[in-house]
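One letter stands for each residue in the lines below.
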Amino acid sequence: LYQQTESGVKRLLESVKLITYIPESDEIVFVLMDQSTKICRLSASGDGKQTHLSTMKCTEIVAIGHDETNYLTVLCSFKYRNGVEHKVYFMDSIGCLKEPIIDFYVNNPKQAKIFKSSIGFCFDHAISVKYGPLFDTSVSYSGIIGNEPKNTFSPTDLCPDLDENFLVIDSYDNTVHLLDSKGKFLKIIMFEDDGLNGINCIEMDSSGWLHLGCKDGYVQYANVQYYKTTTREERCMKRRSQQK
């Protein structure tokens with residue numbers, strides 16, 4: 001994990017598995033790769049030592065997130081003989097758990113991600129988003145590529161946009177799919193010829209800019225409104241005219 005400033009780049013952490021930002025206290029809360037049940041925090045500026053917030057009694061912490069209601073929302077997994085159970089915990093700023101604790105079953109997700117009021121899951125060939133007071137309502141999407149989308153659609157990450165729609169990365173063909181809040185497909189807004197190559201994570205900031213993480217270690221930035229309001233052909237023609 002690095003912090004970029006006008007004066008340069010500063011390394012903050014190594015081997016980070018999970019991370020979320022707490023704007024009210026300007027802190028980073030994180031879980032490291034070799035400490036999959038331990039939650040720590042650090043000043044976002046990197047000043048001072050990292051401190052221990054809590055250690056969860058679970059098999060693995062699979063997602064953490066922050067909103068205005070809870071300092072931290074934590075999704076934990078518990079492995080049993082008959083499968084894996086997931087529980088959602090709410091935590092305050094001193095590491096104490098708050099009620100209620102919500103549990104549900106999800107089969108073998110590749111990735112889990114906590115949003116403001118929902119939890120998104122990526123599977124091998126589909127995504128699912130659980131929402132509601134008890135996370136008991138869900139929507140799903142399995143791609144629209146070719147005649148057999150379940151055999152080709154390979155989601156690696158998703159995030160909400162500022163209009164409460166969802167953006168999903170398909171690593172099979174380097175595209176970004178736009179879904180509405182109920183999981184209905186709207187359009188593909190970005191393609192490989194828009195400069196996407198090896199994308200595997202996505203996030204949107206409060207200004208409407210997409211941050212796209214690539215396998216080569218680079219982060220690409222994109223104005224999502226531009227891609228929503230233009231077509232693939234229009235962008236291609238614009239690039240050709242600029243090259244001339």
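In the block above lies the structure referred to throughout.
So, how was this worked out
Residues numbered from 1 in each chain as written. Predicted model: local features only at pLDDT ≥ 70, side-chain atom pairs only at ≥ 80, totals over all residues. Heavy atoms only, no water. Pairing = 2+ DSSP bridges. Helix = DSSP H or I, 4+ residues; strand = E, 2+ residues; numbered from the N terminus. Axes fitted to C-alpha atoms, helices over the stretch in contact; angles between N-to-C directions. Salt bridge = Lys/Arg side-chain N within 4 Å of Asp/Glu carboxyl O. Buried < 20%, exposed > 50% of the residue type's maximum accessible area, 1.4 Å probe, protein only.

**Points about the sheet that holds strand 12 (residues 118–122)**
Piece 1. If you trace the four strands from one edge of the open sheet to the other, you get 11-12-13-14, paired in antiparallel fashion. Because the sheet does not close on itself, it has two edges, and the strands there are strand 11 (111–114) and strand 14 (137–141). When strand polarity is set aside, the average angle formed by the axes of neighbouring strands in this sheet is 15°.
Piece 2. As defined by bridge partners, strand 12 adjoins strand 13 (residues 127–131) across five bridges and the pair is classed as antiparallel. Residue pairing for strand 13: Phe121 is matched across the bridge by Ser128.

**Focus on the pattern of salt bridges**
Side-chain pairs of opposite charge can arise where the charged atoms are in close proximity.
Piece 1. Summed over all chains, the structure comprises twelve salt bridges.
Piece 2. Residue Lys10 pairs with Asp47 through a salt bridge whose shortest N-O separation is 3.7 Å. Linking Lys10 in strand 2 (residues 8–11) with Asp47 in the loop between strand 5 (38–43) and strand 6 (51–55), this pair joins segments that are 37 residues apart in sequence.
Piece 3. The class for Lys10 is partly exposed, based on a relative accessible area of 35%.
Piece 4. For Glu85, the salt bridge goes to Lys87, with nearest N and O atoms at 3.7 Å.

**Brief notes about the pairing of strand 17 (residues 175–179)**
Piece 1. Here strand 17 lies mainly inside the structure; five of its five residues are buried.
Piece 2. Taking every second residue as pointing to the same face, both faces of strand 17 are buried, with Thr175, His177 and Leu179 on one and Val176 and Leu178 on the other.
Piece 3. The pairing of strand 16 (residues 166–170) with strand 17 spans five bridges and is classified as antiparallel. Considered in strand 17, the bridge of Phe166 is made with Leu179.
Piece 4. Where strand 17 lies against strand 18 (residues 185–190), four bridges are found, and the strand directions are antiparallel. When the sheet's bridge partners are listed, Leu179 is paired in strand 18 with Phe185.
Piece 5. Here strand 17 folds back onto strand 18 in antiparallel fashion, the turn holding five residues, of which Gly183 has a positive phi close to 85°.

Keep in mind these values describe shape, not function.
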